[in-house]
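Descriptive analysis of the structure
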Amino acid sequence: MYGVAMAEYAFLINFGVLAVVALIIGIMMRISHKKEVAKRTRLAEIAKKRAGLLKSINKIHWEDQFAIDGGVIDKGNKTLFDLVNEFNESIPILQLPGEMLSILASLKKYTQTHFPREEKLQLTSDFPFFEDHKKEHEALIEKLNGLIKKVMQTKEDNVIDVAAEITSFLEKWITGHVLESDLSLKPYVDRLRENVKSKSEPQP
Ligand SMILES: [Fe+2]
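Residues numbered from 1 in each chain as written. Predicted model: local features only at pLDDT ≥ 70, side-chain atom pairs only at ≥ 80, totals over all residues.

As for the nonpolar core
To be explicit about the condition: Definition of nonpolar core: a set of buried Ala, Val, Leu, Ile, Met, Phe, Trp, Tyr and Cys residues joined via C-beta atoms within 7 Å. Exposure is read from a count of other C-beta atoms within 10 Å of each residue's own; the residue is exposed at 12 or fewer, buried at 20 or more and partly exposed in between. C-beta atoms are placed from the backbone. Here a helix means four or more residues in a row that DSSP labels H or I, a strand means two or more in a row labelled E, and each is numbered from the N terminus. Contact between residues is assigned whenever the C-beta positions, reconstructed from backbone atoms, fall within 7 Å.
Judged by nonpolar contacts, the single largest core of 15 residues is most densely connected at Met100, Leu104, Leu147, Ala163 and Ile166. Listing elements by their share of this core, those giving two or more residues are α2 (72–90), α3 (101–124), α4 (130–153) and α5 (159–182). The element that contributes the greatest number of residues to this core is α5, accounting for six residues. Leave out the neighbours within four places in its chain, and Ala163 touches Leu53, Ile91, Leu94 and Met100.

Side note on the domain arrangement of the chain
Heads up, the condition is: Boundary definitions for the domains trace back to an automatic or database domain assignment. Ten residues, namely Ala, Val, Leu, Ile, Met, Phe, Trp, Tyr, Cys and Pro, are considered nonpolar, four, namely Asp, Glu, Lys and Arg, are considered charged, and the remaining ones, Gly among them, are considered polar.
When the domains of the chain are assigned, the result is domain 1 (1–56) and domain 2 (60–200). The gap between the C-alpha centroids of domain 1 and domain 2 is 53 Å. Listed by partner, the interface residues are six residues for domain 1 and eight residues for domain 2. For the side of domain 1 that touches domain 2, the per-class residue count stands at three nonpolar, no polar and three charged.

Concerning the packing of α4 against α5
Going by this rule: Simply put, an axis is a line fit to the C-alpha atoms, just over the touching stretch for a helix, and the angle between two N-to-C directions goes from 0 to 180 degrees. For classification, angles of less than 35 degrees are called roughly parallel, those exceeding 145 degrees roughly antiparallel, those between 65 and 115 degrees roughly perpendicular, and all remaining angles oblique. Left-handed describes a crossing whose near helix is turned anticlockwise from the far helix by less than a right angle; the clockwise case is right-handed.
Two elements in contact, α4 and α5, have axes whose closest approach is 11 Å; the angle formed by their N-to-C orientations is 165°. When the axes of α4 and α5 are compared, the pair comes out roughly antiparallel. Two packed elements cross with a definite hand, and for α4 against α5 that hand is left-handed. Here His133, Glu136, Leu140, Lys143, Leu147, Lys150 and Val151 of α4 lie close against α5, whose contacting residues are Val162, Ile166, Phe169, Trp173, His177 and Ser181. Partitioning the contact of α4 with α5 into residue classes produces seven nonpolar, three polar and three charged.

In structure tokens, the structure reads:
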């Protein structure tokens, strides 16, 4: 009689343990399923944002009409076009925010050599908008530094949002600065070239 009671007791204990284990497994499976659904939703949202961003981007092409000095300044601006295209071409495979840093670092390096060189040419050619132009350069550098900081703090989920902000900034840099502000320097560089040429020609 005592043996039967013990057996029933042991059965109930085992049953209870099994029930708890089954409950824990069920909860874990439910959590895992929720995480999987959340992950799929997140990836779908990123894919949607990426597709939207890619649709809005046009490849930019250097044209001879953008030329300012036919030399180092044009070469520098062509480098900017290349970097902008390189950045945009990286978007289809962009996964981690850190992957954007190498192009931003190249842009920063570009400003450190290109802007002082361009400003020197502006002073030499008596460009009347030098001060305002220099301020534009400073604002571009400040924005670029801000974006680099932002990328370093960006979470993986927001990578496309930040890429979109950088693309927009680069487009404004090309259209607003290179194709407008920089191009306004051309007549002054042409005049400087004419002056140098006329002085170097033998006087009658
Ligand atoms: Fe400039």
